[in-house]
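What follows is each chain in one-letter form.
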Amino acid sequence: GGALLGHLHGQTLTGVPALADSLRAVLRRCQRVFFKQLAAWMCHGLLLDRHAREFFVQPAREAAGAASWEGMDAEEWHSGFRIAPENLPPFVEPSVAQDVLFIGKAVRVLKRSGQGP
């Protein structure tokens, strides 16, 4: 998760060029996974990382449907998802994480309202 991204980034600052290049390649691959999850949450309201718990947005409860469309109501809006600070990468400020959380929840509400009764 975020800790791994931070650690890899710090290690790319090594003075050994071959090692730095290799670590940057690994970092880029890890960042792709992170940005794929970020896009899924912000564009579709979906969590792709439901079991590994590596993304910084997580279901606040283990109930079935916490990361799906079932049960989208006021309770889910207020307490269905949370920020896991231990999973925040160093390049994501807590205020930005809150904005990401809000956007994903809003997308979920808008998609749910478009499904009809």
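Up top you'll find the structure we're talking about.
The sections below set out a description of the structure shown in this document. Given the structure is predicted, the values throughout are model-derived calculations rather than measurements. (Residues numbered from 1 in each chain as written. Predicted model: local features only at pLDDT ≥ 70, side-chain atom pairs only at ≥ 80, totals over all residues. Heavy atoms only, no water.)

**A look at the packing of helix α2 (residues 17-44) against helix α4 (residues 94-113)**
Next up, step 1: The interhelical angle for the contact between α2 and α4, taken along N-to-C directions, is 50 degrees, at an axis separation of 6 Å. With respect to α4, the element α2 is oriented oblique. Contact residues: Leu38, Trp41, Met42, Cys43 and His44 in α2; Val100, Leu101, Ile103, Gly104, Lys105, Val107, Arg108 and Lys111 in α4. (Axes fitted to C-alpha atoms, helices over the stretch in contact; angles between N-to-C directions. Helix = DSSP H or I, 4+ residues; strand = E, 2+ residues; numbered from the N terminus. Parallel < 35°, antiparallel > 145°, perpendicular 65-115°, else oblique. Contact = heavy atoms within 4.5 Å.)

**Here we look at the pattern of salt bridges**
Next up, step 1: The full count for this structure, using the stated rule, is two salt bridges.
Next up, step 2: The residue aspartate 21 makes a salt bridge to arginine 24 at a minimum N-O spacing of 2.6 Å. Of this pair, aspartate 21 and arginine 24 both sit in helix α2, three residues apart, which is roughly one turn of that helix.
Next up, step 3: In this structure arginine 24 comes out as partly exposed when scored by relative accessible area, which is 34%.
Next up, step 4: For the salt bridge of glutamate 76 with arginine 108, the shortest nitrogen-to-oxygen distance reads 2.9 Å. Of this pair, glutamate 76 sits in helix α3 (residues 74-79) while arginine 108 sits in helix α4; the two residues are 32 residues apart in sequence, bridging distant segments of the chain. Across the pair, exposure class does not vary: glutamate 76 and arginine 108 are buried alike. (Salt bridge = Lys/Arg side-chain N within 4 Å of Asp/Glu carboxyl O. Buried < 20%, exposed > 50% of the residue type's maximum accessible area, 1.4 Å probe, protein only.)

**Points about the packing of aromatic side chains**
Next up, step 1: Under the criterion given, the structure shown has eight aromatic pairs.
Next up, step 2: Their ring planes at 50 degrees and their centres at 6.0 Å tell us that phenylalanine 34 and phenylalanine 55 sit as a pair that is tilted. Separated by 21 residues along the polypeptide, phenylalanine 34 in helix α2 and phenylalanine 55 in the loop between α2 and β1 (57-59) bring together distant segments of the chain. Considered together, phenylalanine 34 and phenylalanine 55 belong to a single accessibility category, that of buried residues.
Next up, step 3: Through a chain of ring-to-ring contacts, three or more aromatic side chains come together here, namely Phe34, Phe35, Phe55, Phe56 and Phe91. (Phe/Tyr/Trp six-rings, centres within 6.5 Å; stacked < 30°, edge-to-face > 60°.)

Just geometry here; none of it tells us what the structure is for.
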